[in-house]
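# Fold and geometry: a report
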Amino acid sequence: VEGSKSITIEVVNKAQESTMYELKTDAEYLRQAMEEAKGLEFSGTESQYGLTVEVINGENTDFNNGSYWSFYVNDAYCNYGIDTQPVLDGDAFKIVYEVYVAQ
């Protein structure tokens, strides 16, 4: 069935502003769903482990200052990269701009 899964992808930027993307998809993995989400633009560096997301909707992160995009599924930290994170019907993904601060 085409569009057999209904999911949401929420992006929270550096200013803590939230943008919600709701979509019906056949995507097996998060990257495919992100590519299908209208208005969601992202890029990064490809490696043997998949894509490391560095830019979302024009907002850059910089590992030198500790900033990065963190990925959550159903309020739990994703254990996989976007190329291997499974997408299930009803999943709620959240992508948050975060800054690591050493304790």
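Our subject is the structure listed above.
Residues numbered from 1 in each chain as written. Predicted model: local features only at pLDDT ≥ 70, side-chain atom pairs only at ≥ 80, totals over all residues. Heavy atoms only, no water.

## What about the overall build of the protein?
Check the secondary structure of the protein and you find 1 helix and 8 strands. For the protein, the N- to C-terminal ordering of α and β elements is β-β-α-β-β-β-β-β-β. Its C-alpha radius of gyration of 13 Å places the protein within 12% of the 13 Å reference for a compact globule of 103 residues. Projected onto its principal axes, the C-alpha coordinates of the protein cover approximately 45 × 30 × 25 Å. For the protein, with 103 residues in total, the buried portion stands at 40%. Across the protein, every contact between residues at least 6 apart in sequence was considered, and the portion connecting residues at least 24 apart equals 47%. As presented, the protein carries roughly 6,500 Å² of accessible surface, and 47% of it is formed by carbon and sulfur atoms. Distance from the positive charge centre (6 side chains) to the negative charge centre (18 side chains) of the protein: 3 Å. (Helix = DSSP H or I, 4+ residues; strand = E, 2+ residues; numbered from the N terminus. Rg over C-alpha atoms; globule rule 2.2 N^0.38 Å. Buried < 20%, exposed > 50% of the residue type's maximum accessible area, 1.4 Å probe, protein only. Contact = heavy atoms within 4.5 Å. Areas by Shrake-Rupley, 256 points an atom, 1.4 Å probe, with all protein chains shown as cover. Lys, Arg positive; Asp, Glu negative; His and termini not counted. Charge placed at Lys NZ, Arg CZ, Asp CG, Glu CD.)

## Some details on the sheet that holds strand S4 (residues 50-56)
Sheet architecture is open: 3 strands sit in the order S3-S4-S5, paired in antiparallel fashion. Each edge of the open sheet is held by one strand with a lone partner, namely strand S3 (42-47) and strand S5 (59-60). With 2 bridges joining them, S4 and S5 adopt antiparallel strand pairing. Note on S5: the bridge partner recorded for Ile56 is Glu59. (Pairing = 2+ DSSP bridges.)

## Let's talk about the pattern of salt bridges
Counting across every chain of the model gives 3 salt bridges. Glu35 serves as the salt-bridge partner of Arg31, at 3.4 Å between the closest nitrogen and oxygen. Taken as a pair, Arg31 and Glu35 lie in helix H1 (residues 30-36) at a separation of 4 residues, close to a single helical turn. You can call Arg31 buried: its relative accessible area is 19%. (Salt bridge = Lys/Arg side-chain N within 4 Å of Asp/Glu carboxyl O.)

## Notes on unusual backbone geometry
The phi dihedral of Gln16 falls on the positive side, at around 65 degrees, and the residue is not glycine. Mapped onto the elements of the fold, Gln16 is located in the loop between strand S1 (5-12) and strand S2 (18-25). A positive phi angle, near 70 degrees, is found at Asp75, a position not held by glycine. Topologically, Asp75 is positioned in the loop between strand S6 (67-73) and strand S7 (76-77).

## With respect to the side chain of Lys5
Relative to the assigned elements, Lys5 resides in strand S1. Buried within the structure, Lys5 lacks any salt-bridge partner; its nearest side chain of opposite charge belongs to Asp26, at an N-O separation of 6.6 Å. Polar contacts involving the side chain of Lys5 include one to the main-chain carbonyl oxygen of Ala27, which spans 2.6 Å. (Polar contact = N/O pair within 3.5 Å; in protein donor to acceptor, adjacent residues only side chain to side chain.)

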